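# Coordinates in review
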Amino acid sequence: MLKKIIGGVGDFLQIADSAIKEKEIKVYSHAHCADEFFSGLGVSADITFFNKIEDLNGIEDAPDLQRDLFGSFEVPEASTLRANQLLGGRPYVVGIHPVGGDFWNAHTRERGISIQKVIPPEQVKAIVGLFSEKTTIALFGSPNQLEDYKPILTQKNIVYIEHANIWDSLANVSFCHRLIAVDSGIKSMAAYKRIPSIVFV
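Residues numbered from 1 in each chain as written. Predicted model: local features only at pLDDT ≥ 70, side-chain atom pairs only at ≥ 80, totals over all residues. Heavy atoms only, no water.

### Let's talk about the pairing of strand 3 (residues 44-49)
Strand residues, when the strand is regular, have side chains that alternate between the two faces of the sheet. We count it as follows: Whether two strands pair depends on DSSP finding at least two bridges between them. We count a stretch as a helix when DSSP gives it H or I for four or more residues in a row; a strand needs E for two or more, and each element gets its number in order from the N terminus. Handedness of a crossover is defined as follows: with both strands directed away from the viewer, a clockwise route from the first strand across the helix to the second makes it right-handed.
Strand direction decides the pairing type here: strand 2 (residues 24-29) and strand 3, joined by 6 bridges, are parallel. Considered in strand 3, the bridge of Tyr 28 is made with Thr 48. Handedness of the crossover joining strand 2 and strand 3 through helix 2 (residues 34-41): right-handed.

Here is the structure:
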């Protein structure tokens, strides 16, 4: 029986080394980068995607993969090279990820819960204003998530990091000296890389 993991990016990072050892695993996830992540590890993953928590009812009772907060797997060299072109050589980089995953925000909206994993544009602008112009601000998010931020955040020291793939995101996070974020996959990447972070939950 294949060992399993249920969850998203943060969970993937914690079981990556275990998944590499197993070579074949079962994945239940809302994160559509799952295939990209595990294929990048060289792991054969049987993936079942879910859109609602209720979709997990009745899943196969299989053993869980072992978790490790700080694994040892490598980021693909191509992703590291692309991240180096964007952020390499900059003396101080602060990453900001202001919008959480679509799964959580949609989940709470459907249940009439007003709490969203979002730092509004005006608040991000105030945060950016706390740093000198010599500090590079790496603003993470999907093109849709960052749409409302670009008209307001036009400073020359801001670099927009629009998610291309999970490996590029992890490589870019690796170049950050600090991170400010909502509870998200980017936050989990920073934790995995032991980057000091402030997280809004």
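Next comes the rest of the account.
### Concerning the sheet that holds strand 5 (residues 136-141)
Test applied: Axis lines are fitted to C-alpha atoms, over the contacting stretch for helices. Their N-to-C directions set the angle, which ranges from 0 to 180 degrees. Should any heavy atoms of two residues lie within 4.5 Å, those residues are counted as being in contact.
Taken in spatial order, the 5 strands of this open sheet run 6-5-4-7-8, and their pairing is parallel. The sheet is open, and its two edges are formed by strand 6 (158-162) and strand 8 (197-200), each paired on a single side. For this sheet the average axis-to-axis angle between neighbouring strands, irrespective of direction, equals 15 degrees. The pairing of strand 4 (residues 93-97) with strand 5 spans 4 bridges and is classified as parallel. Of the residues in strand 5, the one forming a bridge with Val 93 is Thr 136. The strands touched by helix 3 (residues 77-87) are strand 4, strand 5 and strand 6; relative to strand 6, the strand with the most contacts, the crossing angle is about 155 degrees.

### Comments concerning helix 8 (residues 185-192)
Cut-off, in case you're wondering: Each residue is placed in one exposure class: buried if its accessible area under a 1.4 Å probe, protein chains only, is under 20% of its type's maximum, exposed if it is over 50%, and partly exposed if it falls in between.
All of the buried residues along helix 8 are Ile 186, Ser 188, Met 189, Ala 190 and Tyr 192. The inward-facing, buried residues of helix 8 abut helix 1 (9-22), strand 4, strand 5, helix 7 (166-174), strand 7 (178-182) and strand 8. Arg 194 sits one or two residues past helix 8 and shows a positive phi near 60 degrees.

### Focus: the sheet that holds strand 3
Strands sit in the order 1-2-3 across an open sheet of 3 strands; the sheet is parallel. The open sheet has two edge strands with one neighbour each: strand 1 (4-6) and strand 3. Across the sheet, the mean angle from the axis of one strand to that of its neighbour is 20 degrees, orientation sign disregarded. Where strand 1 meets strand 2, 3 bridges bridge the pair, whose relative direction is parallel. Bridged to Lys 4 within strand 2 is Lys 26.

Read these as geometric descriptors, not functional statements.
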